[in-house]
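So the chains spell out like this:
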There are 6 protein chains.
Amino acid sequence: MRDTFHQPVDAARVPRFAGHATFMRLPAVGSAEGLDIALVGIPWDGGTTNRAGARHGPREVRNYSSLMRSTHHVFGTEPYKVANIADVGDVAVNPIDLLDGLKLIEAGIADIVAKGALPLSVGGDHLTTLPVLRAVARNRAVGLIHFDAHSDTNDTYFGDNPYTHGTPFRRAIEEKLLDPRRVVQIGIRGSIYGPDEHDWAKQQGIRIIYMEEFAARGPEAVMEEVRAIVGDLPTYVTFDIDSIDPSMAPGTGTPEIGGFSTREAQQMLRLLDGLNLVGADVVEVSPPFDVGGMTSIVGATMAFELMCILARQVERQRAVSAA
Amino acid sequence: MRDTFHQPVDAARVPRFAGHATFMRLPAVGSAEGLDIALVGIPWDGGTTNRAGARHGPREVRNYSSLMRSTHHVFGTEPYKVANIADVGDVAVNPIDLLDGLKLIEAGIADIVAKGALPLSVGGDHLTTLPVLRAVARNRAVGLIHFDAHSDTNDTYFGDNPYTHGTPFRRAIEEKLLDPRRVVQIGIRGSIYGPDEHDWAKQQGIRIIYMEEFAARGPEAVMEEVRAIVGDLPTYVTFDIDSIDPSMAPGTGTPEIGGFSTREAQQMLRLLDGLNLVGADVVEVSPPFDVGGMTSIVGATMAFELMCILARQVERQRAVSAA
Amino acid sequence: MRDTFHQPVDAARVPRFAGHATFMRLPAVGSAEGLDIALVGIPWDGGTTNRAGARHGPREVRNYSSLMRSTHHVFGTEPYKVANIADVGDVAVNPIDLLDGLKLIEAGIADIVAKGALPLSVGGDHLTTLPVLRAVARNRAVGLIHFDAHSDTNDTYFGDNPYTHGTPFRRAIEEKLLDPRRVVQIGIRGSIYGPDEHDWAKQQGIRIIYMEEFAARGPEAVMEEVRAIVGDLPTYVTFDIDSIDPSMAPGTGTPEIGGFSTREAQQMLRLLDGLNLVGADVVEVSPPFDVGGMTSIVGATMAFELMCILARQVERQRAVSAA
Amino acid sequence: MRDTFHQPVDAARVPRFAGHATFMRLPAVGSAEGLDIALVGIPWDGGTTNRAGARHGPREVRNYSSLMRSTHHVFGTEPYKVANIADVGDVAVNPIDLLDGLKLIEAGIADIVAKGALPLSVGGDHLTTLPVLRAVARNRAVGLIHFDAHSDTNDTYFGDNPYTHGTPFRRAIEEKLLDPRRVVQIGIRGSIYGPDEHDWAKQQGIRIIYMEEFAARGPEAVMEEVRAIVGDLPTYVTFDIDSIDPSMAPGTGTPEIGGFSTREAQQMLRLLDGLNLVGADVVEVSPPFDVGGMTSIVGATMAFELMCILARQVERQRAVSAA
Amino acid sequence: MRDTFHQPVDAARVPRFAGHATFMRLPAVGSAEGLDIALVGIPWDGGTTNRAGARHGPREVRNYSSLMRSTHHVFGTEPYKVANIADVGDVAVNPIDLLDGLKLIEAGIADIVAKGALPLSVGGDHLTTLPVLRAVARNRAVGLIHFDAHSDTNDTYFGDNPYTHGTPFRRAIEEKLLDPRRVVQIGIRGSIYGPDEHDWAKQQGIRIIYMEEFAARGPEAVMEEVRAIVGDLPTYVTFDIDSIDPSMAPGTGTPEIGGFSTREAQQMLRLLDGLNLVGADVVEVSPPFDVGGMTSIVGATMAFELMCILARQVERQRAVSAA
Amino acid sequence: MRDTFHQPVDAARVPRFAGHATFMRLPAVGSAEGLDIALVGIPWDGGTTNRAGARHGPREVRNYSSLMRSTHHVFGTEPYKVANIADVGDVAVNPIDLLDGLKLIEAGIADIVAKGALPLSVGGDHLTTLPVLRAVARNRAVGLIHFDAHSDTNDTYFGDNPYTHGTPFRRAIEEKLLDPRRVVQIGIRGSIYGPDEHDWAKQQGIRIIYMEEFAARGPEAVMEEVRAIVGDLPTYVTFDIDSIDPSMAPGTGTPEIGGFSTREAQQMLRLLDGLNLVGADVVEVSPPFDVGGMTSIVGATMAFELMCILARQVERQRAVSAA
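For clarity, every value in this text was computed on a predicted model and none was experimentally measured. (Residues numbered from 1 in each chain as written. Chains lettered and ligands numbered in written order. Predicted model: local features only at pLDDT ≥ 70, side-chain atom pairs only at ≥ 80, totals over all residues. Heavy atoms only, no water.)

Chemist: Teacher, can you tell me more about the overall build of chain A here?
Modeler: Summing up its helical and strand segments, chain A has 10 helices and 8 strands in all. Against the globule reference of 20 Å for 323 residues, chain A gives a C-alpha radius of gyration of 18 Å, in line with a compact fold. With the principal axes as the frame, chain A shows a C-alpha extent of 55 × 40 × 35 Å. The buried share of chain A, taken over its 323 residues, is 72%. Excluding contacts between residues fewer than 6 apart, the proportion of contacts in chain A whose partners are at least 24 apart in sequence is 77%. Carbon and sulfur atoms make up 50% of the accessible area of chain A, which amounts to about 9,200 Å² in all. If you average the places of the 30 positive and of the 41 negative side-chain charges in chain A, the two averages end up 5 Å apart. (Helix = DSSP H or I, 4+ residues; strand = E, 2+ residues; numbered from the N terminus. Rg over C-alpha atoms; globule rule 2.2 N^0.38 Å. Buried < 20%, exposed > 50% of the residue type's maximum accessible area, 1.4 Å probe, protein only. Contact = heavy atoms within 4.5 Å. Areas by Shrake-Rupley, 256 points an atom, 1.4 Å probe, with all protein chains shown as cover. Lys, Arg positive; Asp, Glu negative; His and termini not counted. Charge placed at Lys NZ, Arg CZ, Asp CG, Glu CD.)

Rendered as structure tokens:
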């Protein structure tokens, strides 16, 4: 069966700048049928309260993902040999109608889930994670490992609008898509709307690890706690690019200085290995505010790191099944 | 009374880079009370089907409008001596809820109109002109002089969405805000959705002057026809920055090459002098896609040209009243 | 048969920023089999003597070609209804070995020609036109309509190197791929290496229309002469983006001020209608030197104009065949 | 009294991109009357020896300060509830006459001081700190906490010019505005004019903490020493944005690699809490050399951090007064 | 003697990106001794009232002048064969002291004049032309052909400052460096400070050809008048890059839309041929505000055009001398 | 003798933006005769497999090296007082012919070596280090300290091409220019072509210190091992700018996130002091992909650090000779 796994274009034969831009230079396929992991774009920023542009994220992350080679240099993992992975294109979106947009995204991801593939999506603003969770957590609440500068658990904006990129995880908890005691947020920082902004989240049981605590304890200690919080149960990983410092990822709608270095972020993502993941995403890459493609490169590399973690999980599960 | 007219900061005393950025360096005032012309921002791009960013237009047009001096070098008009003009700030907007956004914009402009001032707004995407027309043409249909690369008279997008920046003038005609026989569009060009895309508009009686016709006839002949079409009745002027060539105004959501030069555009705007205008706007300046502020400079200068035309109209009307 | 023609994604249903970037949002297909016109990229700048980067041209022209709609607004032509057109991907290239690169490009285009499709390629530097001509003019010399700031008929560079982007048309004439009396160059300008730089070309019979002559006579008169020169015999069209003024197309390796406006260029390309074309290209779009994608938009639009001309030719020929 | 404190626009009601750009979205007021803290711009770079542009700093820092929310997430401080703060506009400047410029700046800040407000200024080049010190230290020498890549204690430039952005602190000590034994400079680095460049400063008693020492000891140890040096006596804080690494703050006239991370800088500024401050500034933000507004975001955030420290001081002093 | 003329590096042997950046790739020489034409930089913008940066002009114009080849394609002139030309470096400047700056520039140009060479300088802001005129018109008033968006004949700024880039030609007339009846300004446009702003200039006898008149009459008719105005007497040519449209030359301090196209400008400069020139300059290229080097390319090409005109004059004069 | 050493222009007298751009503002000299250290550019990227542009590196590094002052602030070393250093220009290159390019570069460096100077070159892509090593290690294999994100020890690309910037050190070992047991690579990271990509290098005895190991051990411990590996024997230092994090050095062809900070890199370069170096280089600065000159500043500073190390070695050796 592994002989039929999709393989990326080889950069030692076809230069990276050649050919259509797909995620990781993998084949573009029409559906997730037969895939273990589906790379999918969600070109939608309908929930953005300030600077839009994340709708252009999937295209540019695809573009710069041509820089990724085939093997993870720390794990030694060859993801395309242990899992069947492809680029299934973008889910349908509606840039004009927020509620229709949410439905279309949920449907797109639900189709991937229904075909048995793990969705690894590239946004899109952070509100896209809500319909993704509606698709992956339809039957039971899941845990969440959430890298971000912002908690995204506010209630409403601009009157009583419940759906923005500042509210998805409040909605997800209200909709019982997430088990709040298995939700952990890492990297939260920056000025806030009021001293009680995070009270609701904490009352639900969410563990917020502010940047200051992270800086004091370091990636290893923090991730040990994170792993303890989510345990072995199904967990989703969401990576907001604004968790990274704006010097490394300037192309995002709501930058906050003092963020993770990419080195810290890579170290944390690698420490996700061995968990029980139901999907992952990289969101808030906003090319119109990027400079020199720096943010898209970071986004593509984070997607590569997550893809390798998912591929290793597929490999383990296949080994168990085979045994 | 003229002694109390608002005056801009003098660049020969206070350098242009100093001070808060307001339109034309005019005072920021709380309402249009007592104004002849109200400069107002509409920071909203909720109708944008492709590249958003016009929400940032008012701020950057204000920023670059610091380059405008106090006198029109061709007319010799000193607008701030013949009309009371100020920056009334931005209308309220809702970036998340399209229908609420339309209502808020209409209310903001209606307040200006109610106070007896002519609104000169800076968008925002072209859908903003619909609620502006709802405010200025509440009582009777007006004529329209429409500079644009696109007719913006399509019906629906993304299913059956009636409100986008590709549809405002179809809605305005349906709502009887515009008299289609007094609507003229200049500069239309670029690939279209189908050979019948403009049939509806033409059937209503809209006169479309394609770029090719404009290039053959020149600004003077075209504007003579335009003036004949709208006549002496109340007329609104809408200037989409994408009517200008993208080399001169790259910062816009839907660029089409082969556009007006700024020289042609200035010549045309000056030929609006003497008409009976009820307001005007400059729309679709999208700073995230701009390079070096070029588009904002063009937008600011077009707003200055329109302001001078409106000020001259105020001056004439005041002379008539005084007589 | 027309029911099976490839169709682009409809921007009124799927927004332009969504989906994989292919030429004109057409399907990516594996070969030119069954096509009338093959859109193909040549990501190679091995012949560049100064500023490289045209290797990235195909990808960015694809990206910005999402802005093209389905119908030509002047001709009313719907290219995808009268011709079967698709994106066949990029030809193989070798960024390290010039001679191997030339062979690979020739082979890629020859395959398109062999399958009966007209190649419309997007470069790549201007040396790519040499192997293209080797493929399309294998059996008989063709005419050439050449829009450019430079004659590209020099002999050698950096010692005795015969193959650079400054020499392709000298080589093509020497190789009898071009009939020099049916070669016309339009837009030539800028400082030159010596007063005799163009003597060889003129001695061969090439007609050089310098920018100054073009400016004096205008597009219509010039194109009338061009059409007379090439006549009804097979002719290739090559469009160097540096023929366009650098303010409109800054992203190119050898900019020369005082170039065509895009309006002039579009007018000229439309006047190619009715000729007997064997293929066409747009070359020297160099994204690393572009600002805000301006050059890629121009390149994509010029490719759209050429595609419509080719589609109209296909339609005429099919009508003749059917008669 | 607190009911009358100025409040910023609320981003959950009015989006950040809307409205005039003022510091922290606070009201623009005509004078410092009644304020505890006056945010003021100094748009002047008359002392710049290399790359000018800091004259544009206040406008862009205002622009990006729209990203600041109302509460400090570590202290929990709500600055606008404990102190009356507003944007008093820019001081008058003269871009053509250096000595007149120095006088105008001093007068502008002296007016703020006379009205009992703490000045928090945004430059402008570092020479602006000299006239600020003339205003705040008119009656007695103050201490200085100075974050910078450069000591700025040189003597003269370009012949015998005593006033440049490389000399302000030498002048300030000569003018007895600073008590050199209470001056500490942190982050000094980069190539120097000669091995004795800092000798004069050290001889005066200035404590220079080079970047290498900072890197070895860390923010906490360094700030403990800094606090001991300045003690409880009146102290001014000056923050040169080039103390930050150029990857995080590229928009400055004299970048030096190897600078502070923003995380380190924020940590240090928070450790200023409890000192006896007479004012503060952020200088050398040069928008023409910035990329993507990165430097202006950093400048705005540093100003926010300093404002919170000053607000906490106001709160403490008011509590003491009330007791 | 011609065997000893300086020659530029040959781009067909050494690529344009190689080697030190000098004007036109000519040798850098220590003095103007033996030169017919001295290319010289004036890196100074001390007179700039708004956006500084022209101090960086000489370096970037040098950089992009590598694109110039050795022969003028219209005249067929080979400037380096008919005149001895070199890059004499930059005159000394003082960025901190305006009056000292003026003296240094005058001294630098006076040295060139004393050695018998024609100065062709690259600024720097337009105030640099005043000390240049002090050097070249020391003994008798000269005529002036002045391409610009602005008349630059204002009196004072920021109080009573007589020296800014808005005042040089008023000062030059007061100092009897210019014969006002032989001064012609072409391209003037944009908003002005008052309806009487140009009255003084006109009263002196200056002929102002506004852009609108230029657009109506065209380059040939305008230049015929210009040539008649200056006649055969000694004349200086000053070319402000902001005379060019900002779409073609965005990198300048005071952009005004509706400017010359480069094609128009080149046509006008070529019509200077045969006049009696005493020097020329290109000013106000401001790299920090440029995009993609577009303005520096235009500046370099305008300098090349002027250099060819000067070289042809040298050739004629040498022929006369030899006869 | 020291009286005759070349000295850079003094920035306290002549501003940094003035004058021709040479390395460190040193004199441009015709040959390495009499020099201790020759700063030389290698404007060539013929070996680049993905994004070209390093050919423009020398010019921009020269441009930004104007920011360097004369003294190292940590060592207190004044390099221009202890060593005779100048800018010898660029070696000849051939952008069209790879093998000719390699020969020309080798010849250029060999000439420097023959004249007794230490070459400090600025590339250019990393393939340029191969001909440099052919020149400096002609007589005996040397050691190598190699800072890079990539091992550059692959075998072939695009068929059987042996010479690319991914292969130089494999070739150098095969050619016995390097003693593999004295080769150490630091900073290697990023996805790889296969789990065995580095096997060949390790089998030769190369010590690869991956970024993860570096991050765990720190600069001091790592450099202690590095110094032990190379010992006292002749050693070359090659610094690929992509070893630095892309946030600090975005302008490079093959960016990999998670790189060195400049602070770490400076610390490591300073720990090279006391070794026995035969030359050094900084490569892969690619200005077309840079933003705001950030990468060129880093490249210039790294060259300054290396130059100081080499100057200190010259000083020591001269002291020994004198003894």
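Chemist: Looking at this structure, how should I read the relation of the copies chain C and chain F?
Modeler: One copy of the chain maps onto the other through a rotation about an axis followed by a shift along the same axis. Between chain C and chain F, the superposition needs a rotation of 180° and an axial shift of 0.0 Å, giving an RMSD of 0.0 Å. Taken together, the rotation and translation describe the operation of a two-fold axis. Taking C-alpha positions as reference, the residue of chain C nearest the rotation axis is Pro288(C), located at 2.9 Å. (Least-squares fit on C-alpha atoms with pLDDT ≥ 70 in both.)

Chemist: Even after reading the chapter, I still don't get the arrangement of the chains, so can you show me in this structure?
Modeler: Taking C-alpha atoms as the reference, chain A and chain E come no closer than 13 Å and do not contact one another. Left apart from each other, chain B and chain F have a closest C-alpha approach of 13 Å.

Chemist: How do you make sense of the pairing of strand 2 (residues 85-90) of chain B when you look at a structure like this?
Modeler: If a strand is regular, its side chains alternate between the two faces of the sheet. Residue and element names in this part refer to chain B. Burial analysis of strand 2 places 6 of its 6 residues in the buried class, the great majority of the element. Examined bridge by bridge, strand 1 (residues 37-42) and strand 2 share 4 bridges and lie parallel to one another. Counterpart to Gly 41 in the pairing with strand 2 is Asp 90. (Pairing = 2+ DSSP bridges.)

Chemist: Help me understand helix 8 (residues 219-230) of chain A, please; the structure alone is not making it clear to me.
Modeler: Helical geometry note: an α-helix holds 3.6 residues per turn, so side chains three or four residues apart project in the same direction. Residue and element names in this part refer to chain A. For helix 8, which comprises 12 residues, the first-to-last C-alpha distance of 16 Å matches the rise-based estimate of 16 Å (1.5 Å per residue) to within 8%. Within the sequence span of helix 8, burial applies to Pro 219, Val 222, Met 223, Glu 225, Val 226 and Val 230. Projected down its long axis, helix 8 carries its buried residues within an arc of 155°, all on one side. Opposite the packed face of helix 8, turned more than 90 degrees from it, sit the exposed residues Glu 220, Glu 224 and Ala 228. Where helix 8 ends, the next residue or the one after it, Gly 231, has phi of about 60°, a positive value. (Expected span 1.5 Å × (residues − 1). Arc of directions from axis to C-beta.)

Chemist: How do you make sense of the interface of chain C and chain F when you look at a structure like this?
Modeler: Counting from both sides, the interface comprises 20 residues of chain C and, opposite them, 20 residues of chain F. Counting the surface lost from both chain C and chain F, the interface buries some 1,500 Å², and carbon and sulfur atoms represent 58% of this. A per-residue breakdown of the area chain C buries against chain F is headed by Arg55(C), Ile96(C) and Phe158(C), which together make up 36% of the total. Our count for the contact surface shared by chain C and chain F stands at 0 salt bridges. (Buried area = accessible area lost by both parts, 1.4 Å probe. Salt bridge = Lys/Arg side-chain N within 4 Å of Asp/Glu carboxyl O.)

Chemist: Please explain the interface of chain B and chain E as it appears in this structure.
Modeler: The extent of an interface is frequently quoted as the accessible surface area lost upon association of the parts. The interface is formed by 32 residues belonging to chain B together with 34 residues belonging to chain E. For the pair chain B and chain E, the summed buried surface comes to about 2,400 Å²; carbon and sulfur atoms form 59% of the total. Looking only at chain B, the three residues that lose the most surface to chain E are Arg69(B), His73(B) and Arg263(B), adding up to 33% of its buried area. Between chain B and chain E we count 3 salt bridges in total. Between Arg69(B) and Glu256(E) there is a salt bridge, with its nearest N and O atoms 3.1 Å apart. Applying the counting criterion to the chain B and chain E interface returns 16 residue pairs in polar contact (both at pLDDT 80 or more). Those elements that provide at least two residues to the side of chain B that touches chain E are helix 9 (262-270) and helix 10 (294-322) of chain B. Looking at the side of chain B that touches chain E element by element, the count peaks at 6 residues for helix 10 of chain B. Per-class residue counts for the side of chain B that touches chain E are 16 nonpolar, 9 polar and 7 charged. (Polar contact = N/O pair within 3.5 Å; in protein donor to acceptor, adjacent residues only side chain to side chain. Nonpolar A, V, L, I, M, F, W, Y, C, P; charged D, E, K, R; others polar.)

Chemist: I'm lost on the relation of the copies chain B and chain E in this one. Help?
Modeler: Note on the identical chains: chain B maps onto chain E by a rotation of 120° and an axial translation of 0.0 Å, with an RMSD of 0.0 Å. As the rotation angle and translation indicate, the two copies are arranged about a three-fold axis. Among all C-alpha atoms of chain B, that of Ser247(B) lies closest to the rotation axis, at 3.4 Å. The residues that chain B uses at the interface reappear at the interface of chain E in only 6% of cases, marking distinct surfaces.

Chemist: Quick question: what am I supposed to make of the packing of aromatic side chains here?
Modeler: Any two aromatic rings considered together are summarised by their centre-to-centre distance and by the angle between their planes. Taken as a whole, this structure holds 25 aromatic pairs over all chains when the rule is applied. Seen in terms of ring centroids, Tyr157(B) and Phe158(B) are 5.9 Å apart; in terms of plane orientation they differ by 55°. Their pairing is tilted. Each member of the pair, Tyr157(B) as well as Phe158(B), is classed as buried. Centroid distance Phe147(E) to Phe239(E): 5.5 Å. Interplanar angle 40°. Geometry classified as tilted. (Phe/Tyr/Trp six-rings, centres within 6.5 Å; stacked < 30°, edge-to-face > 60°.)

Chemist: Explanation requested: the sheet that holds strand 6 (residues 207-210) of chain E in the structure shown.
Modeler: Pairing between the strands of a sheet is mediated by backbone hydrogen bonds and can be parallel or antiparallel. Residues and elements named next belong to chain E. Strands sit in the order 2-1-3-8-7-4-5-6 across an open sheet of 8 strands; the sheet is parallel. Both edges of this open sheet fall to strand 2 (85-90) and strand 6, since each of them pairs with a single strand only. This sheet shows a mean twist of 15° between the axes of neighbouring strands, independent of strand direction. Sheet topology places strand 3 (residues 118-123) next to strand 8 (residues 277-283); 3 bridges connect them, and they run parallel. What sits directly across from Leu 120, in strand 8, is Ala 280. Packing of helix 3 (residues 98-114) onto the sheet brings it into contact with strand 1 (37-42), strand 2 and strand 3, and relative to strand 1 it is tilted by some 170°. (Axes fitted to C-alpha atoms, helices over the stretch in contact; angles between N-to-C directions.)

Chemist: What exactly am I supposed to notice about the environment of Phe75(B) here?
Modeler: Residue and element names in this part refer to chain B. Here Phe 75 is to be found in the loop between helix 1 (57-64) and helix 2 (79-82). Accessibility expressed as a relative area gives 24% for Phe 75, which makes it partly exposed. As a C-alpha pair, Phe 75 and Lys 176 span 101 residues in sequence and 35 Å in three-dimensional space. With near-sequence residues (within four places) excluded, Phe 75 lies in contact with Arg 270, Asp 273, Ile 309 and Arg 312.

Chemist: Where do I start with the environment of Gly253(A) in this structure?
Modeler: Residue and element names in this part refer to chain A. Topologically, Gly 253 is positioned in the loop between strand 7 (235-240) and helix 9 (262-270). C-alpha separation for the pair Gly 253 and Gly 218, spaced 35 residues apart in sequence, amounts to 27 Å. Leaving out residues up to four positions away in the same chain, Gly 253 has contacts with Asn 50, Arg 51, Glu 284 and Ser 286.

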